[in-house]
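Next come the chains, spelled out residue by residue.
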Amino acid sequence: MAQSVKQLPKGIWVGITILLTSQAVLLFRDAKKTGRNPWVWGGAGLVQFPLPAIAYFILNRRNQKK
């Protein structure tokens with residue numbers, strides 16, 4: 001497996017970096033605007049895709065309905 005990761009083109013790495021960074025920034029800004037632990041959500045957005053975004057928007061929607 002380590003061999004196959006090293007063989008990935010640089011463009012894929014750039015795409016993954018852009019994807020995770022944009023998700024983290026989006027989650028951070030929205031969480032800061034609503035006062036919901038922005039650093040936690042931004043950090044989670046940097047680590048994994050798309051679960052943190054899905055969880056954030058489900059939890060945010062649930063709390064807005066109350």
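Residues numbered from 1 in each chain as written. Predicted model: local features only at pLDDT ≥ 70, side-chain atom pairs only at ≥ 80, totals over all residues. Heavy atoms only, no water.

### Let's talk about the packing of helix α2 (residues 10–34) against helix α3 (residues 38–47)
Two quantities define a packed helix pair, namely the angle between the helix axes and the distance between the axes.
So, step 1. Across the interface, α2 lies against α3 with an axial gap of 7 Å and an inter-helix angle of 165°. Compared by their axis directions, α2 and α3 come out roughly antiparallel. As for the relative orientation of α2 and α3, their crossing is right-handed in sense. Along the contact surface, α2 presents Leu20, Thr21, Gln23, Ala24, Leu27, Phe28, Ala31 and Lys32, while α3 presents Pro38, Trp39, Trp41, Gly42, Gly45 and Leu46.
So, step 2. Looking at the contact of α2 with α3 residue by residue, the class counts come to nine nonpolar, four polar and one charged. (Axes fitted to C-alpha atoms, helices over the stretch in contact; angles between N-to-C directions. Helix = DSSP H or I, 4+ residues; strand = E, 2+ residues; numbered from the N terminus. Parallel < 35°, antiparallel > 145°, perpendicular 65-115°, else oblique. Left-handed = near helix turned anticlockwise from the far one by under 90°. Contact = heavy atoms within 4.5 Å. Nonpolar A, V, L, I, M, F, W, Y, C, P; charged D, E, K, R; others polar.)

### Regarding the packing of aromatic side chains
Between two aromatic rings, the relevant description is the distance of the centres plus the angle of the planes.
So, step 1. Inspection of every chain in the model, using the stated rule, returns three aromatic pairs.
So, step 2. Where Phe28 meets Trp39, the ring centres are 4.9 Å apart and the plane angle is 65°; that geometry is what we call edge-to-face. Note that Phe28 is positioned in helix α2 and Trp39 in helix α3, a separation of 11 residues in sequence.
So, step 3. For the ring pair Tyr56 and Phe57, a centre distance of 5.2 Å and an interplane angle of 75° mean the geometry is edge-to-face.
So, step 4. Under the relative-accessibility criterion, Tyr56 is labelled buried at 1%.
So, step 5. For Phe57, a relative accessible area of 41% translates into the label partly exposed. (Phe/Tyr/Trp six-rings, centres within 6.5 Å; stacked < 30°, edge-to-face > 60°. Buried < 20%, exposed > 50% of the residue type's maximum accessible area, 1.4 Å probe, protein only.)

### A closer look at the pattern of salt bridges
So, step 1. Going through the model one piece at a time under the given rule, you end up with one salt bridge.
So, step 2. The residue Asp30 makes a salt bridge to Lys33 at a minimum N-O spacing of 3.7 Å. Remark: Lys33 and Asp30 occur in helix α2; sequence separation between them is three residues, near one turn of the helix.
So, step 3. Residue class for Asp30 comes out buried when judged on its relative accessible area of 16%. (Salt bridge = Lys/Arg side-chain N within 4 Å of Asp/Glu carboxyl O.)

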